Amino acid sequence: MEIAFLQGFSLGGSLTVAVGAQNAFILKQGLRQSYPLLIAVLCSCIDAIMITFGVLGFGQVIDAYPVIVNVARVGGALFLFGYGAHALYMSFVCNEQLSMKSKSVGSFSQVLLLTLGVSLLNPSLYLDTVLLLGSISVQFQGLERTLFAIGAIMASLVWFFSLSFGAKYLSPLFTHSQAWVYLDRAICLVMWSLAVILIAPYLNLL
């Protein structure tokens, strides 16, 4: 059971910390301490809802069609390899620094709408939480599947609160593009490792 939780936590964390518009927005607002609690809670709740939907939805389908387990394992592994390769590629080509000079969002309503926008209008939200995490969760049953989902949700919660409230302490590091380079390469390593774990049962058959 601990393995299910840890795999959910590590995979959920790898997907959540990937460089993107949402994290850039949270970082910039966190550096200015502009409604950090609102942003952290809202992003965490959105991820939790999507992860739960993905796990429960795929769970119902798998109960009716168990053959999907093998397809999901292979498909999930291929996606993880591709996702990791993209992160590795971005670590070599992404040289832009996060702007510290952009105007901060002042009002509660503006922060609320922008947070919803960068979260819900991001295609990766649905691809990562609903499709990818949902498909990978099918390798677990019962309580283990629940722990996998809890692990992924906890990873999102820890990341969003840490980034939102800890951004001001990280500003000397994350204003430099080189920091994102190292982060992307770490993400690549984790994604490829999890992909190998998914296809490991099939490797033993070769």
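Residues numbered from 1 in each chain as written. Predicted model: local features only at pLDDT ≥ 70, side-chain atom pairs only at ≥ 80, totals over all residues. Heavy atoms only, no water.

Observations concerning helix 1 (residues 2-16)
Now for step 1: Taking 1.5 Å as the rise per residue, helix 1 with 15 residues should run 21 Å; its terminal C-alpha atoms sit 21 Å apart, in good agreement.
Now for step 2: Residues of helix 1 that are buried: Ala4, Gln7, Gly8, Leu11, Gly12, Gly13, Ser14, Leu15 and Thr16. (Helix = DSSP H or I, 4+ residues; strand = E, 2+ residues; numbered from the N terminus. Expected span 1.5 Å × (residues − 1). Buried < 20%, exposed > 50% of the residue type's maximum accessible area, 1.4 Å probe, protein only.)

Considering the side chain of Ser44
Now for step 1: Along the chain, Ser44 turns up in helix 3 (residues 36-64).
Now for step 2: Polar side-chain contacts of Ser44 include one of 2.7 Å to the backbone oxygen of Ala40. (Polar contact = N/O pair within 3.5 Å; in protein donor to acceptor, adjacent residues only side chain to side chain.)

Let's talk about the packing of aromatic side chains
Now for step 1: Under the counting rule described, the total for this entry stands at five aromatic pairs.
Now for step 2: Pairing Phe5 with Phe9 gives two aromatic rings, centres 6.2 Å apart and planes at 25 degrees, and the pair type is stacked. Taken together, the residues span about one helical turn, with Phe5 and Phe9 both in helix 1 at a distance of four residues.
Now for step 3: Measuring from centroid to centroid gives 5.6 Å for Phe79 and Tyr83, while their planes differ by 55 degrees, and the two rings are tilted. With Phe79 and Tyr83 both in helix 4 (residues 68-93), this residue pair falls four residues apart, about one helical turn.
Now for step 4: A relative accessible area of 25% means that Phe79 is categorised as partly exposed.
Now for step 5: Geometry around Phe92 places Arg185 over its ring, the cationic atom sitting 4.4 Å from the centre. (Phe/Tyr/Trp six-rings, centres within 6.5 Å; stacked < 30°, edge-to-face > 60°. Lys NZ or Arg CZ within 6 Å of the ring centre and 35° of its normal.)

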